[in-house]
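# Commentary on secondary and tertiary structure
Here are the chains, one letter per residue:
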Amino acid sequence: MKILPCVAVLVVWALGFPLEAKGAEIRIKPGASDQPISNAIAASNAGDTLVLAPGVYHERLRLEKQLTLRGEPGAIIDGTIPLKAEWSPAEGMEKVFTTPSKSRPEGLLIDGKFIAEIRFDRAQKSGEWNWQTLLAKGPPLGGFKHIRALWMYHSKEKKIYLRLEDGAAPDKATLSAVMSGEPLIEITATGAVVDGLTLRGGIEAITLAEGAKDCIIRYCKITSYEGSGVLLRGGASSCTVEDCDITRGAFEDWRATTENRRENYEIWRIHKDVGKYDRVGIELIRAGTSNRILRNHLDRTFDGICLGDSSTESLDKPLIDPNHGRGTEIAGNIIENTRDSGIELGVGCIDVNVHHNTLCHTHGGLRFKLPRIGPVFIHHNHLIDGTPFNIWFSMDSSPAEGYIYHNTITGGSDAAFVYSSFNATRDFATPKWHLLNNLILQVKDGFFDQRKGTPPRDFTESHNITSDDPHAAIGAGLDLSTYLKGNPLPGCEPGYFKAKAPDAGAGSVK
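Residues numbered from 1 in each chain as written. Predicted model: local features only at pLDDT ≥ 70, side-chain atom pairs only at ≥ 80, totals over all residues. Heavy atoms only, no water.

## Concerning the overall build of the protein
Along the protein, the regular secondary structure elements total three helices and 45 strands. Taken over C-alpha atoms, the radius of gyration comes to 24 Å for the protein, in line with the 24 Å a tight globule of 510 residues would show. When its C-alpha atoms are laid out on the principal axes, the protein stretches across 70 × 60 × 45 Å. By residue count, 59% of the 510 residues in the protein fall in the buried class. Contacts in the protein between residues at least 24 apart in sequence constitute 72% of all its contacts with a sequence separation of at least 6. Accessible surface computed for the protein: about 20,300 Å², of which carbon and sulfur atoms make up 49%. Taken together, the 57 basic and 63 acidic charged side chains of the protein have centroids lying 2 Å from each other. (Helix = DSSP H or I, 4+ residues; strand = E, 2+ residues; numbered from the N terminus. Rg over C-alpha atoms; globule rule 2.2 N^0.38 Å. Buried < 20%, exposed > 50% of the residue type's maximum accessible area, 1.4 Å probe, protein only. Contact = heavy atoms within 4.5 Å. Areas by Shrake-Rupley, 256 points an atom, 1.4 Å probe, with all protein chains shown as cover. Lys, Arg positive; Asp, Glu negative; His and termini not counted. Charge placed at Lys NZ, Arg CZ, Asp CG, Glu CD.)

## Some thoughts on the sheet that holds strand β10 (residues 107-110)
Here we have four strands laid out as an open sheet, ordered β7-β15-β10-β11, and antiparallel in their pairing. Both outer strands of the open sheet, β7 (81-82) and β11 (113-114), are each paired with one neighbouring strand and no more. Two strands pair when backbone bridges link them, and β10 and strand β15 (residues 175-178) are joined in this way by four bridges, in the antiparallel orientation. When the sheet's bridge partners are listed, I110 is paired in β15 with L175. (Pairing = 2+ DSSP bridges.)

## Quick notes on the pattern of salt bridges
Side-chain pairs of opposite charge can arise whenever the charged atoms involved come near each other. According to the stated counting rule, one finds 31 salt bridges in the structure shown. Linking E117 and R104 is a salt bridge whose minimum nitrogen-to-oxygen distance equals 3.0 Å. Taken together, the residues span a long stretch of sequence, with E117 in strand β12 (residues 116-119) and R104 in the loop between β9 (97-100) and β10 at a distance of 13 residues. Residue classification places E117 among the buried residues on the basis of a relative accessible area of 1%. Look at R104 and you get partly exposed, because its relative accessible area is 22%. In this structure, a network of salt bridges that share partners links the residues E226, R248, E252, R279 and R339. (Salt bridge = Lys/Arg side-chain N within 4 Å of Asp/Glu carboxyl O.)

## Details of the sheet that holds strand β24 (residues 245-246)
Where strands meet in a sheet, backbone hydrogen bonds hold them as pairs that are either parallel or antiparallel. Within the open sheet, the 12 strands sit side by side as β3-β6-β18-β21-β24-β27-β30-β33-β36-β39-β42-β45. Their pairing is parallel. Looking at strand neighbours, the two that pair on one side only are β3 (55-57) and β45 (465-467), the edges of this open sheet. With three bridges connecting them, β3 and strand β6 (residues 75-78) associate as parallel partners. Across the sheet, residue V56 finds its bridge partner in β6, namely I76.

## Focus on the side chain of E266
One can find E266 in helix α3 (residues 261-273). In this structure, E266 is buried with no salt-bridge partner, the nearest side chain bearing the opposite charge being R269 at 6.5 Å. Other than its neighbours up to four places away in sequence, E266 contacts W129, P139, P140, L141, G142 and G143.

## Let's talk about helix α1 (residues 36-43)
Within α1 the residues assigned to the buried category are P36, I37, S38, A40 and I41. Looking at the buried positions of α1, the neighbouring elements they touch are β1 (25-28), β2 (49-52), β3, β4 (61-63), β5 (68-71) and β6.

## Let's talk about unusual backbone geometry
Backbone torsion omega between G374 and P375 reads 5 degrees, so that peptide bond is classified as cis. Mapped onto the elements of the fold, P375 is located in the loop between β34 (366-369) and β35 (376-379). In the Ramachandran plot, Y219 falls in the positive-phi region, its phi being about 55 degrees despite a non-glycine side chain. Backbone geometry places R286, a non-glycine residue, at a positive phi of 50 degrees. As for its placement among the helices and strands, R286 is situated in the loop between β25 (280-285) and β26 (292-294). You can call R286 partly exposed: its relative accessible area is 35%.

## Observations regarding the pairing of β12
Sheet topology note: the β12/strand β13 (residues 150-154) ladder contains four bridges and is parallel. Considered in β13, the bridge of R119 is made with Y153. At this point the chain moves from β12, through helix α2 (residues 131-137), to the parallel β13, and the crossover so formed is right-handed. (Right-handed = clockwise from strand over helix to strand, strands pointing away.)

## Here we look at the nonpolar core
The biggest cluster of nonpolar side chains holds 77 residues, and the ones touching the most others in it are I185, I187, L208 and L345. Formed by 20 residues, the second largest nonpolar core is a distinct cluster that contains A116, F120, L135 and V274. (Core = buried A, V, L, I, M, F, W, Y, C linked by side-chain atoms within 4.5 Å.)

## Regarding the side chain of D309
By secondary structure assignment, the location of D309 is in the loop between β28 (303-308) and β29 (329-331). Aside from chain neighbours lying at most four places away, what touches D309 is R286, I320 and V347.

## Thoughts on the environment of E86
Mapped onto the elements of the fold, E86 is located in the loop between β7 and β8 (88-89). C-alpha of E86 to C-alpha of M152: the two residues are 66 residues apart in sequence and 16 Å apart in space. With residues near it in sequence (within four places) discarded, E86 still touches T98, T99 and P100.

## Describing the confidence of the model for the protein
When pLDDT drops low, the exact placement of atoms in the prediction is not to be read closely. Averaged over the protein, the pLDDT score is 93; the fraction of residues at 70 or greater is 94%. Segment residues 1-21 is flagged for pLDDT under 50; beyond a separation of four residues in sequence, or across chains, it makes 46 contacts in the model. (pLDDT = per-residue confidence, 0-100.)

## Points about the packing of aromatic side chains
Enumeration over the complete set of coordinates arrives at 17 aromatic pairs. Here the aromatic rings of F389 and W392 are separated by 3.7 Å at their centres, their planes lie at 5 degrees, and the arrangement is stacked. Among the residues examined, W392 registers a relative accessible area of 4% and is labelled buried. Relative to F448, the ring of Y419 has its centre 5.0 Å away and its plane inclined at 90 degrees; by these criteria the two rings are edge-to-face. Placement of the pair is Y419 in strand β40 (residues 417-422) and F448 in strand β43 (residues 448-450), with a sequence separation of 29 residues. With respect to burial, Y419 and F448 carry one shared label: buried. Aromatic rings pair up to connect F368, F393, F417, Y419, F422, W433, F447, F448 and F459 into one cluster. Above the ring of Y277, the side-chain terminus of R122 is found at 3.8 Å from the ring centroid. Here the guanidinium or amino end of R148 rests over the ring plane of F251, the centre of that ring lying 3.8 Å away. (Phe/Tyr/Trp six-rings, centres within 6.5 Å; stacked < 30°, edge-to-face > 60°. Lys NZ or Arg CZ within 6 Å of the ring centre and 35° of its normal.)

Here is the structure:
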């Protein structure tokens, strides 16, 4: 068996899509008016297609009717404005500059890349992580080697503070800002389609909000964002996000690696401890049912794909609605070089199916934040060189019914499966989870590791293979075609293997 690179394990399926209504085709060019797309949306009828010619459009759009918004190559929606400011040296802070600003920008960019932000209210403690020390010196271990630049809005002084790499003066830099907290495109309609656009410089690039149903986001490129690339919320249901390329467009330099691990970790701390928290490539928060996230490529985001709700990350907090995210499918995605998790799963996790994804060089791997109910199926995924985590349970115990099977985990600095960072002490951990037919190759700490403060392992396990030799997986699996109370686990229907027994891992061994 050859260990495949990230891009080589993408699997393509023939899938049905919502029907698109036929209507008029309306062509739009940039500069035709102040808001050419918004004007066309207002004048259009349900079923029309708006075709955007190449060029840059500085608009924020709201789709409230069944329209197709299709971009020709080079059609870009840009949420930034040039930052024209007079900069002065900050008093008592070498290489730090300030400029007055009546309001706080939502994001600050240099050369089109988002600069890491310090939040004034979160960086008040004295010491190395105080805002003044960070702006002057950078994080204590790496300085500005990895983070490269920092900015902060001082809410009392009504000033922007900025420190660039090498202490460069900002008046010579190409700076821009995001001043609006609204998404570049918000959809609240049934059957809307966004196809082939490039989006950059938004807080959210695309939001599928309350009322969105049977919508499709496809073949889009999201080259920078400061909140979520694509956000599904407010009960958005039966929507598909497919074949998109998403990156956060960060100025900082990051890749999950064992080299300079503690220095790299400071980037995580800047965002999580004193900054804006997470920035997720595709995020489902209180989303509806039957959404599909398919065949997307996410590179250098903070988190990759997240299904959850931060307000319910403890068993002591009730779910707002157990059906949030029900029937979600996350499949065929390539997720690499994340600063935190590749995929996160929480809330009810009823009938959630996560399969045939590839996670490469992720900091947080595939993370469970206490799924409550299930069943949730995790299968035929490849995880490659996770640092430090591959697949792990965190935050609290998970009472859900879950199945993790036929996955291949290769490399990485810790164990294949981990209990870590539980915030509560309980007498169970994952009693209804089943780990079956997984292949663990060249993983430093083997099959399982239990961190301090977590309950004893209590999952069901069978036919998992830990080896340095991929051929150990041949015929080593358990037939799962009747494992689910006489029925097959998804992806393991009768006839799914030809030999006497299936191979362990995500694919056949040759």
